[in-house]
Amino acid sequence: MPHQVLILLAAGGLMFLVIGCLAALSHYYTLSGIKSKTVGDGQHGTARWATAKEIRQTYAHVPFEVKKWRSGQNLPTEQGLVLGCKGKKGELTALVDSDDIHCLMIGASGIGKTAYFLYPNLEYACASGMSWLGLDSKGDLARNYGAIAKNCYGYQNVAVIDLRNPTRSDGNNLLTLVNRYMDIARSDPNNLAARAKAEKYAKILSKTIVNPGGDEQDRGQNSYFYDAAEGVLATVIMTLSEFIPPGNAGHDKRHIMSVFKLVKELMAPMGKKNGFQVLIDSLPDTHKAGWMATAATSSSEQGMASVMSTVLSRLNSFIDSEQEQVLCYDSPIDAEHFASEKCAIFLIIPEEDPTKHFMAGLMIQNLSRELFSIADANEGKLKKRVVFYCDEFGTMP
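Rules of the game
Residues numbered from 1 in each chain as written. Predicted model: local features only at pLDDT ≥ 70, side-chain atom pairs only at ≥ 80, totals over all residues. Heavy atoms only, no water. Axes fitted to C-alpha atoms, helices over the stretch in contact; angles between N-to-C directions. Helix = DSSP H or I, 4+ residues; strand = E, 2+ residues; numbered from the N terminus. Left-handed = near helix turned anticlockwise from the far one by under 90°. Contact = heavy atoms within 4.5 Å. Nonpolar A, V, L, I, M, F, W, Y, C, P; charged D, E, K, R; others polar. 1 Å grid on protein atoms, 1.4 Å probe; cavity = no way out; pocket = protein on both sides within 12 Å on 5 of 7 lines; lining within 4 Å. Points joined across faces, edges and corners; volume = space filled by probe spheres on them.

A. Spatial organisation of the packing of helix α7 (residues 192-210) against helix α17 (residues 357-376). At a closest axis distance of 10 Å, the pairing of α7 and α17 adopts a crossing angle of 145°. Pair α7 / α17 crosses with right-handed handedness. Contacts from Lys-200, Tyr-201, Ile-204, Leu-205, Lys-207, Thr-208 and Ile-209 in α7 reach Leu-362, Gln-365, Asn-366, Arg-369, Glu-370, Ser-373 and Ile-374 in α17. In terms of residue class, the contact of α7 with α17 is made up of six nonpolar, four polar and four charged.

Structural data, given as structure tokens:
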């Protein structure tokens, strides 16, 4: 028999032997040997509904007695958000989360987000004595709960910032705290704490205006211009607040519109320099306002112009004859009062007018940053619990 035929027969026999072995072993190694697991046994998360015991441990159970509260009886002492209730009509018990939390309420139009979630929370906030801000797209909250907060719960500080009808609104001067502490520092030059607070609030405001989104990573290669613009804007705010005293011009001259006008005038050339460079040169060498603008004044003429243009572009959003009725008058409630006394602020925004959304977002963000700064100076806590009820938050920029 030829040698090649023997090799072929041997290879065929070896192949059949391997196939036979695999067939024999397949009886022992099948999918039936894999241990079965109940669906959801850790493979797809372990989320579940809370038990009754866990609900009792997590939430404070407070009888929801509105009639007694409004007459000054049985006022709750536990402050927080009402996240649910149990019981029957007339004998409800509120489930209150007293931790520092963020709560997002999402629902389709008409399911009762305002009537069955926001209104009970506003009632509870008033009864427990919290300071709170409420976004109001129609003005209903201010009409309904403004009087209730004053007449039933003794709120002396209630402000209505109405961007829908600015001529009937309370003021909201963004420079209120800067002006207050700069006046103290001017009357007492040795009061470094007051000057430091004025500088701090000026920097908070300038950062809020130049960088409303809060994410500095989006600046990319333009980071220098935005950082320098923050310094320039803080410098203008501080010099305006310091050198236009209320005794000569009044508080109505020290507001964000005056900042815009001053920046515009300082861009005009004055010999070989522009007005802003002349202003900085006139300040003492130790003046912090001059230091903040160093990044802009030390750049080239073209770079300086770009920085000033960036500042003006950010301030353009404030050019509105109606909004000036709000921005040019002092705020009845500032961040420090808001954090130490029970206060209520209604911020009415016309949801059909997106040009006003920037203003509302700026007010919320600036107030938030000021509150963070106050808490940092008080061991991380505010004297009074503060809550922001941002209704229709999805329409905000």
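Don't stop here, the text continues.
B. Layout of empty space enclosed by the protein. Considering all chains together, one arrives at one cavity of 30 Å³ or more under this definition. Quantified by volume, the largest cavity comes out at close to 260 Å³. Asn-172, Ser-331, Ile-333, Leu-367 and Glu-370 are the residues nearest the centre of the largest cavity, which is lined by 22 residues in total. Those elements that provide at least two residues to the lining of the largest cavity are β5 (157-162), α6 (176-187), β8 (343-348) and α17. With five residues, α17 is the largest single contributor of residues to the lining of the largest cavity.

C. Representation of the layout of surface pockets in the model. Counted as a void, the largest pocket has a volume near 1,400 Å³. Considering the residues around the largest pocket, the lining is formed by 33 residues, among which Ile-101, His-102, Cys-103, Val-387 and Phe-388 are closest to the centre. Contributions of two or more residues to the lining of the largest pocket are made by α4 (113-128), α17 and β9 (386-389). In terms of residues, the lining of the largest pocket owes the most to one element, α17, which gives six residues. Classifying every residue of the lining of the largest pocket by side-chain character gives 19 nonpolar, five polar and nine charged. In this structure, the second largest pocket occupies an estimated 560 Å³ of space. Forming the walls of the second largest pocket are 22 residues, and the residues nearest its centre are Phe-64, Val-66, Gly-90, Leu-92 and Pro-120. The set of elements that each furnish at least two residues to the lining of the second largest pocket consists of α3 (66-70), β2 (81-86) and α4. Looking at which element gives the most residues to the lining of the second largest pocket, the answer is α4, with six residues. Among the residues making up the lining of the second largest pocket, the classes are represented as 13 nonpolar, three polar and six charged.

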